[in-house]
Protein chains: 4
Amino acid sequence: MSGNTFGKLFCVTSFGESHGPAIGCVVDGCPPGLELSEADIQPELDRRKPGTSRYVTQRKESDTVRILSGVFEGRSTGTPIALLIENTDQRSYDYDKIKQTFRPNHADYAYMQKYGLRDHRGGGRSSARETAVRVAAGAVARKYLRDRVGIEIRACVTQVGPLRLDTVDWAAVNSNPFFVADPSRVAELEALIDRMRSEGDSVGACVEVQARGLPPGLGEPVFDRLDADIAHALMSINAVKGVEIGDGMAVAGMRGTEHRDEMTPQGFASNHSGGTAGGISTGQDLVCRVAIKPTSSITTPGRSIDQDGQAVDMRTTGRHDPCVGIRAVPIVEAMLALVLIDQLLRHRAQCGEVESAVPRIPGSIE
Amino acid sequence: MSGNTFGKLFCVTSFGESHGPAIGCVVDGCPPGLELSEADIQPELDRRKPGTSRYVTQRKESDTVRILSGVFEGRSTGTPIALLIENTDQRSYDYDKIKQTFRPNHADYAYMQKYGLRDHRGGGRSSARETAVRVAAGAVARKYLRDRVGIEIRACVTQVGPLRLDTVDWAAVNSNPFFVADPSRVAELEALIDRMRSEGDSVGACVEVQARGLPPGLGEPVFDRLDADIAHALMSINAVKGVEIGDGMAVAGMRGTEHRDEMTPQGFASNHSGGTAGGISTGQDLVCRVAIKPTSSITTPGRSIDQDGQAVDMRTTGRHDPCVGIRAVPIVEAMLALVLIDQLLRHRAQCGEVESAVPRIPGSIE
Amino acid sequence: MSGNTFGKLFCVTSFGESHGPAIGCVVDGCPPGLELSEADIQPELDRRKPGTSRYVTQRKESDTVRILSGVFEGRSTGTPIALLIENTDQRSYDYDKIKQTFRPNHADYAYMQKYGLRDHRGGGRSSARETAVRVAAGAVARKYLRDRVGIEIRACVTQVGPLRLDTVDWAAVNSNPFFVADPSRVAELEALIDRMRSEGDSVGACVEVQARGLPPGLGEPVFDRLDADIAHALMSINAVKGVEIGDGMAVAGMRGTEHRDEMTPQGFASNHSGGTAGGISTGQDLVCRVAIKPTSSITTPGRSIDQDGQAVDMRTTGRHDPCVGIRAVPIVEAMLALVLIDQLLRHRAQCGEVESAVPRIPGSIE
Amino acid sequence: MSGNTFGKLFCVTSFGESHGPAIGCVVDGCPPGLELSEADIQPELDRRKPGTSRYVTQRKESDTVRILSGVFEGRSTGTPIALLIENTDQRSYDYDKIKQTFRPNHADYAYMQKYGLRDHRGGGRSSARETAVRVAAGAVARKYLRDRVGIEIRACVTQVGPLRLDTVDWAAVNSNPFFVADPSRVAELEALIDRMRSEGDSVGACVEVQARGLPPGLGEPVFDRLDADIAHALMSINAVKGVEIGDGMAVAGMRGTEHRDEMTPQGFASNHSGGTAGGISTGQDLVCRVAIKPTSSITTPGRSIDQDGQAVDMRTTGRHDPCVGIRAVPIVEAMLALVLIDQLLRHRAQCGEVESAVPRIPGSIE
């Protein structure tokens, strides 16, 4: 029940600070017999890791993951899987100057009020570095979902500041530094990020994530509905300020005749709901979006206070992303994977014996 | 860990179907000594209950709550508080015709796929009737938050279909049937709802909720951040498809210099973040919004299937709200209250002894 | 996670005080499709209920259970099953005299210290009356275990004060007022209980419980081992002071050659371990015992204090059992059932797909 | 909610196999500001570690603990504390011969049936080596309980096979290799253990544990009573088969007049209940006992089966303890500490504001 554990049956317990010796997690509840090695996890970490292009932070972390337990002779044993990532590029001296001051819109002030003390180095526990652990744990979940259930998860950046991007070509997502599905816009994005960096500013972003191949039936009404668990998971990612399922916030302006997803024997006629009804998956694609705020660590000075409550002017230097949303793609995918495997196991526990008496229809009209 | 329990320390376990004998819940974890009686709960239920105006469903439920345990001589004893609401107006025969068919965009099909059988009467467990229980439990939480901590929660409707409403006058919210804070727009709203009803259609809505008087420090990073728990709570409400904290989805288009909330010794200079940083309350007002989809139960026929997978045309009659979002105001308030009391108790458990070494600044510049 | 919820997947949330309007519980997580009605539960309650013989308390409670939700057309729907038992024989005036004083060895003083106030009527929440709810919830679990898995649970009294009883005839357990499996000793037991009542004293008891037909594999090491969960469940019953699995406390004096349960292709050669190894069921019979302290409510005066800390002499009158252990048999069975169904569902969630590559041997040599 | 996490607010998530690269845990929920370093933990590990005398296993493990997170500048920060112990003396080849066979009374067969595969090296996850992690986590809990609350925990061996030992001199416990409080019996114990080793046999043991300085009020009725949580914790220790609180199993033979703990303004007159009433601490000393079965790994051959179900004769060689109970003392202490800190935090969450209106009496007559 601790705040650093995610999931009720597939439980991920995360630990580690940005500038401590290591970060990592324990994954408890993974079904036994899953083929698993570091090679299944490392590629996901490599997608998230810093320093891969000049559009993201230049911190150099190898983010090499090591499995400490729970895997024997290449397969999960059903016992806890501990994953460890050692921190290697810790330039803590960068942070000495913020020891006594609170960066605006960071967690500094809130952590200090809550705990009475804080590890100020790089944000400590509140650092986005913690999300590497989510990606690692998510890779285990994704392996299971893909191999055993046939569920595929994919995400891409659909907005960067003023630029809205279409999902033209999913295959292109991993081959451009912005994780967008519209490679024709890459030059525009490069220009925007370069401009932000030169202006000492940053921009927000939007990421869309989808899961395909879901069976109907996942979700535990009334409080642990599938969409509620997704909202929890996605809003728990650093800097996320909004979560949408299906048509999302736009439903407020819609009519019932427009929004409802009619059903036919050939499949669902539309997917405005984004794959759930009553908090339970319908077999349609899951479609969710998150909005990620602009990086707070910018070089344009801002008003803040120090630990004595005195006014200071803050200018955050160091190695920061002009748009943290870009690197969020693998994190968002990972969190969705963690929700889905957890709900899958919960569903199996209670309803594993159910043989549906009614026919399933395709997720969309065939 | 069940799907019908909300909260980890202030735990609400909900039960009941729309057309069963009763709905209710058990509230476990309420601190002892709180003055409490049905009179603290009933007014909240009355705000949500159906049949109060011609703009909402005409089902007549008295929604009378009874405390079965946990209160002795007018005060909570620290033992579980059971709340019971008997169902009185159950016209189950209205639903016989949907016994064999799935209403589009309802939970019918998903429940059937998950459980292999369903209580089809009025949606059974998936009925919005279940939210009465949330309002009742939330009333207990609100009492505690108000009496003991000084936290006030309030919500209003800020959009109904095409109409966007300002928060001009919070005092007006409970004195118009649309729970809007701009009473000058009531005539427009009446016309819109009347039109929807006559056209056999419905509209979505947006509700904004705020909490004032929060201490800094609430929230349990990294997964049970305050905003993540709020997202979970609000997305668990029937028909909600999007949740925003602070600037919400709009942050995707913002710049860092624009979004960050600067701090001064006199208080925070803005509240774009909506009251949290790093998943912890800052002492600013909490500001959240939810989008609620248009009612799926409309009289305009739609394509659907029956339990044999055959195509049918559905026309949902019965007594339904043309805009379910209107009655969501007390529900949204209740869910926020449940999150806050739970996080308050969790914070007290771990950090109750903390004496902050740093000064607190006001939530906004004074 | 509340103290009044038992189980992680088959969750029972209990409420109610001895002299409030009702006691009851919510059972969340029951698999759907189970045939269930009040008739499956009432007989178990009738075994526990007071007033059935002159050897137990003369309080007259009908203990009539009512299902409020989660069952539709005779089958569980997968949604929460609420069970309600109204209190009918509440002679609260019996308790006025203990309003200001603490009965020795009762929960009075401890509740007062914990909560700062208490419902003194009949012990309030600490009353053994609360166990009726466990029996009701356990009946649902037993129905599932018996119908779907073939697990049978049975218990009997094996000691009453100085009298140790053999398990000669299990069929006799429910046809004598002492729930013993050795009907030849009933006269002795009658004499003992009569003597206790006349002497204003009480005696302790020991109950043995068994489960047969268990599959191997139940239990979640390392902390939620099957035996650990059983210990938790049984020690949570009022007045239990010791729990044993298999040879129990006696293992301290045994040798390895004597205690180990050898395995043969024809089955296990012995069952000193009581059905578990490494915290996981082996397929042998589960065998557990609990010791229940003598009733604290006796008419022989004892020293105590009142709410002002002053010395008083207490003599507990009212309608009490001279040996609470006697009525514990259905409670112990119920708690074991709750553990087993919970572990069964947990096992199914993680390992439901496992096809064992190794042969199973019988629980005992055939 | 995973089986490898203990506690609800002070949560310990354990991982690691006997012969994997490392074992360890994550401690989440520790209050911030606690002075903590490896030096607080290592001495407890040294008490448990193997190879310290010829009366325990000769495996040589340094059991050196490393804090990976959650501590900054010598104090806990409120974030998860990860503890890592690398395995150094892994002679896995010792275990090749048991790869295909199940050792009698070990977890081998049960793990195989549950998970479909197993890490056979040294018992893998079921190895007693896992308990080192409990001792490490328990050391953090004990530090808090001692420094902040004044609770002291101590345990000693009170029985080794046929030898029953008195608690004559608690100060002697850590200065003899048997952790007994009666140093005059050490020669007898040496002879017994030597004889067991030469006879290829083993003996069981009994350990008593006490906590002093407890405030009244700890425990969460009705299911998470203090005694129930203790039973869960202690029965979760490898090889424990019985748990007693206070007079334990003996209460079955006692009378109410004999067992009840009378109260006087000067304190409790006796402590038959072992420190709890109604599942809540009374302020008396907590007194509990566990019985630990004789080591199953003995050199006297026994009947077993192999993975094909064929009969085999097993003779377990390797480096084993003739009496595992001896090394259990720090483990039992650790588990009790984990229960107490968890209950303390839970109590603080719900009842932290309670100001008792009634006087506290001393735990025993003064």
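What you see is a predicted model; the values in this text were computed from it and never measured. (Residues numbered from 1 in each chain as written. Chains lettered and ligands numbered in written order. Predicted model: local features only at pLDDT ≥ 70, side-chain atom pairs only at ≥ 80, totals over all residues. Heavy atoms only, no water.)

Student: I'd like to hear about the relation of the copies chain B and chain A, residue by residue, with values.
Tutor: The transform that puts chain B on chain A rotates by 180° and translates by 0.0 Å along the axis, for an RMSD of 0.0 Å. Such a turn and shift between the copies fits a two-fold axis. In terms of proximity to the rotation axis, the leading residue of chain B is B:His232, whose C-alpha is 2.3 Å off the axis. Take the interface residues of chain B: 100% of them recur as interface residues in chain A, which is what a same-surface contact looks like. (Least-squares fit on C-alpha atoms with pLDDT ≥ 70 in both. Contact = heavy atoms within 4.5 Å.)

Student: Account for the packing of aromatic side chains, with residues named and values stated.
Tutor: Per the counting criterion, the structure on display carries 16 aromatic pairs over all chains. Here the aromatic rings of A:Tyr109 and B:Phe268 are separated by 5.8 Å at their centres, their planes lie at 75°, and the arrangement is edge-to-face. Note that A:Tyr109 is positioned in helix 2 (residues 108-115) and B:Phe268 in strand 13 (residues 267-268), a pairing that runs across two chains. Look at A:Tyr109 and you get buried, because its relative accessible area is 2%. (Phe/Tyr/Trp six-rings, centres within 6.5 Å; stacked < 30°, edge-to-face > 60°. Helix = DSSP H or I, 4+ residues; strand = E, 2+ residues; numbered from the N terminus. Buried < 20%, exposed > 50% of the residue type's maximum accessible area, 1.4 Å probe, protein only.)

Student: Describe helix 7 (residues 329-351) of chain C, naming the residues involved and giving the relevant values.
Tutor: An ideal rise of 1.5 Å per residue puts 33 Å on 23 residues; helix 7 of chain C measures up with 32 Å between its terminal C-alpha atoms. The element helix 7 of chain C is extensively covered by neighbouring structure, given that 23 of its 23 residues are classed as buried. (Expected span 1.5 Å × (residues − 1).)

Student: Give a description of the sheet that holds strand 9 (residues 163-164) of chain B that names residues and reports values.
Tutor: The strand order across the open sheet built from ten strands is 9(A)-8(A)-10(A)-16(A)-11(A)-11(B)-16(B)-10(B)-8(B)-9(B), with neighbouring strands paired in antiparallel fashion. Only two strands of the sheet have a single partner each, and these edge strands are strand 9 (163-164) of chain A together with strand 9 of chain B. Judged from the seven bridges that link them, strand 10 (residues 205-212) of chain B and strand 16 (residues 286-292) of chain B form a sheet pairing that is antiparallel. When the bridges of strand 16 of chain B are listed, B:Ala205 appears paired with B:Ile292. The strands touched by helix 7 (residues 329-351) of chain A within the sheet are strand 8 (152-160), strand 10 (205-212) and strand 16 (286-292) of chain A, with strand 8 of chain A carrying the most contacts at an inclination of about 140°. (Pairing = 2+ DSSP bridges. Axes fitted to C-alpha atoms, helices over the stretch in contact; angles between N-to-C directions.)

Student: Summarise the sheet that holds strand 10 (residues 205-212) of chain C; cite the residues concerned and give the values.
Tutor: On the basis of which strands lie adjacent, the open sheet formed by ten strands has the order 9(C)-8(C)-10(C)-16(C)-11(C)-11(D)-16(D)-10(D)-8(D)-9(D) and antiparallel pairing. At either end of the open sheet lies a strand with only one pairing partner, and these are strand 9 (163-164) of chain C together with strand 9 (163-164) of chain D.

Student: Kindly report on the UniProt feature "binding site: NADP(+)" (unreviewed entry) in chain A, identifying the contributing residues and their values.
Tutor: Residue and element names in this part refer to chain A. Residues annotated in UniProt with the feature "binding site: NADP(+)" (unreviewed entry) correspond here to Arg48 and Arg54. Mapped onto the secondary structure, arginine 48 falls in helix 1 (residues 38-48). In contact with arginine 48, other than residues within four places in its own chain, are Asp63, Ala128, Arg129, Thr131, Ala132, Val135, Arg327, Pro330 and Ile331. Following the sequence through the fold, arginine 54 ends up in the loop between helix 1 and strand 4 (65-67). Leave out the neighbours within four places in its chain, and arginine 54 touches Asp194 and Arg197. (UniProt positions renumbered as here; feature names shortened; annotations may be inferred.)

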